[in-house]
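Close look at the chain arrangement
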Amino acid sequence: MHTNNNVNIFALEIWDDEGAKCTFYTVKYDDVDSNETDLFFNKYDAIAAYKKANQELLSFVLYSIGNDHGAIDELFNRDENEVNGLPVQGKIKVNELTYHYPDFPLRLYALKITNNIVILFNGGVKDDQTNQTSSLHIEWRAACEFAKRIIEAIRDGSINVDKKNRKLINYDGSEEIIL
Amino acid sequence: MRSKVAKRILAETPEETKIFARLYADIVVRVNQLLKAKGFSQKDLADKLEKRPSEVNKWLIGEHNFTLRSLAKLEAELKEPIINIPQRKPIGTSGYVTVFRNINTDVTYTNTWKKSKSKNKKSLTNVS
């Protein structure tokens, strides 16, 4: 777990683009082997109590959002967390990509760029009412920091959003994005 | 391109889990889209269902374990099907398909298509 995410360099890389509706990106720290979303799914796949929930969440992400519907409001744009404290122009909204089954334990954080481009971060088990008080707090702060830097990069033109091809493109036209 | 971790976990995921997650999302989307199309607010629906708005909100965001009964209630109020069962026709529709058999058993083979005479046909059954 990174304790000082503010200074870490990370890459934006495609996590899944096989669905008909949505391309998923993820973030990967420069000095870590796995990306954050793989770390999340791997972690909860290995815990028996969460294995089934983890499989359901993955199916929801890849099939329902990725292939069937895209990141439409009905599935995605809920339980937003406005991050007011970060030094960014305006507010950013990190979505809690929640599979809203009753008492569903897992939360995966994400940033919706369009209905067809979503960046997935890390997440965890929601064991209290709010993100600030639950053990998810660290992942939530990290997701906010990732989101802040990505939004800044889109605003200043470091990253271009190619809506037609459902891709994020570096300012130089390459697909390798390091922030 | 798909993450290797996602591929592996998906390969180990039981089909019923995949089907459940997909159906569940489909129902949540369908109910919300019907509400929008009908111009119903959550409060309107809560009034019609005689439920608290907070309870209906749970239905709409999916934090409700849908049962056949709750789906039937929603379908009744929204007056549109939420789940379509193949082969079932909506209530109130009519129509039938007539199946014919050729009563002329002494048919010579021909490799050209000919329009058959309708008087040689006898209704076998009506399938409705």
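Being a predicted model, the structure only gives us computed values, none of them experimental.

1. Brief notes about the pairing of strand E2 (residues 23-29) of chain A
All names here are of chain A. Along E2, six of the seven residues are buried, which leaves the element largely enclosed by surrounding structure. Of the strand pairs in this sheet, strand E1 (residues 10-16) and E2 are connected by six bridges, and their pairing is antiparallel. Directly across from Leu12, in E2, lies its bridge partner Val27. Between E1 and the antiparallel strand that follows it, E2, lie six residues. In this sheet, strand E6 (residues 117-125) lies alongside E2 in parallel orientation, the contact comprising four bridges. Of the residues in E6, the one forming a bridge with Thr26 is Leu120.

2. Details of the interface of chain A and chain B
Counting residues at the interface gives 26 residues for chain A, matched by 24 residues for chain B. Sorting the residues of the side of chain A that touches chain B by element identifies E1, helix H1 (36-45) and helix H2 (48-69) of chain A as the ones contributing at least two each. The element contributing the most residues to the side of chain A that touches chain B is H2 of chain A, with eleven residues. When the residues that make up the side of chain A that touches chain B are grouped by side-chain class, the tally is ten nonpolar, six polar and ten charged.

3. Things to note about unusual backbone geometry
Residue and element names in this part refer to chain B. A positive phi is found at Glu50, a non-glycine position, where the angle reads about 55 degrees. Within the secondary structure, Glu50 sits in the loop between helix H3 (42-49) and helix H4 (53-61). We note that Lys79 has phi near 55 degrees; this positive angle belongs to a residue other than glycine. Note on placement: Lys79 falls in the loop between helix H5 (68-78) and strand E1 (97-102). With 8 C-beta atoms counted inside 10 Å, the residue Lys79 sits in the exposed group.

4. Points about the pairing of strand E5 (residues 106-114) of chain A
Residue and element names in this part refer to chain A. With eight of nine residues buried, E5 is to be regarded as a mostly interior element. As defined by bridge partners, E5 adjoins E6 across seven bridges and the pair is classed as antiparallel. Its bridge partner being in E6, Lys112 is matched across the sheet by Val118. The hairpin turn running from E5 into E6, its antiparallel successor, is two residues long.

5. Quick word on the confidence of the model for chain B
All names here are of chain B. Confidence in the prediction for chain B averages 77 pLDDT; 65% of positions are at 70 or higher. Confidence, expressed as mean pLDDT per element, reaches its minimum in chain B at strand E2 (residues 121-127) with 56 and its maximum at helix H1 (residues 4-12) with 96. The ipTM assigned to the predicted complex is 0.84, against a pTM of 0.77.

6. Some thoughts on the nonpolar core
As a rule of thumb, soluble globular proteins bury nonpolar side chains together. All names here are of chain A. Counting 53 residues, the largest nonpolar core has Ala110, Val118, Ile119, Leu120, Phe121, Ala143 and Phe146 as its most contacted members. No other element matches the eight residues that helix H3 (residues 137-155) contributes to this core. Among all residues touching Ile119, those that are not within four sequence positions of it are Leu12, Tyr25, Thr26, Val27, Ala110, Leu111, Ile113 and Ile150.

Rules and cut-offs
- Residues numbered from 1 in each chain as written.
- Chains lettered and ligands numbered in written order.
- Predicted model: local features only at pLDDT ≥ 70, side-chain atom pairs only at ≥ 80, totals over all residues.
- Buried ≥ 20, exposed ≤ 12 C-beta atoms within 10 Å, placed from the backbone.
- Helix = DSSP H or I, 4+ residues; strand = E, 2+ residues; numbered from the N terminus.
- Pairing = 2+ DSSP bridges.
- Contact = placed C-beta atoms within 7 Å.
- Nonpolar A, V, L, I, M, F, W, Y, C, P; charged D, E, K, R; others polar.
- pLDDT = per-residue confidence, 0-100.
- Core = buried A, V, L, I, M, F, W, Y, C linked by C-beta atoms within 7 Å.

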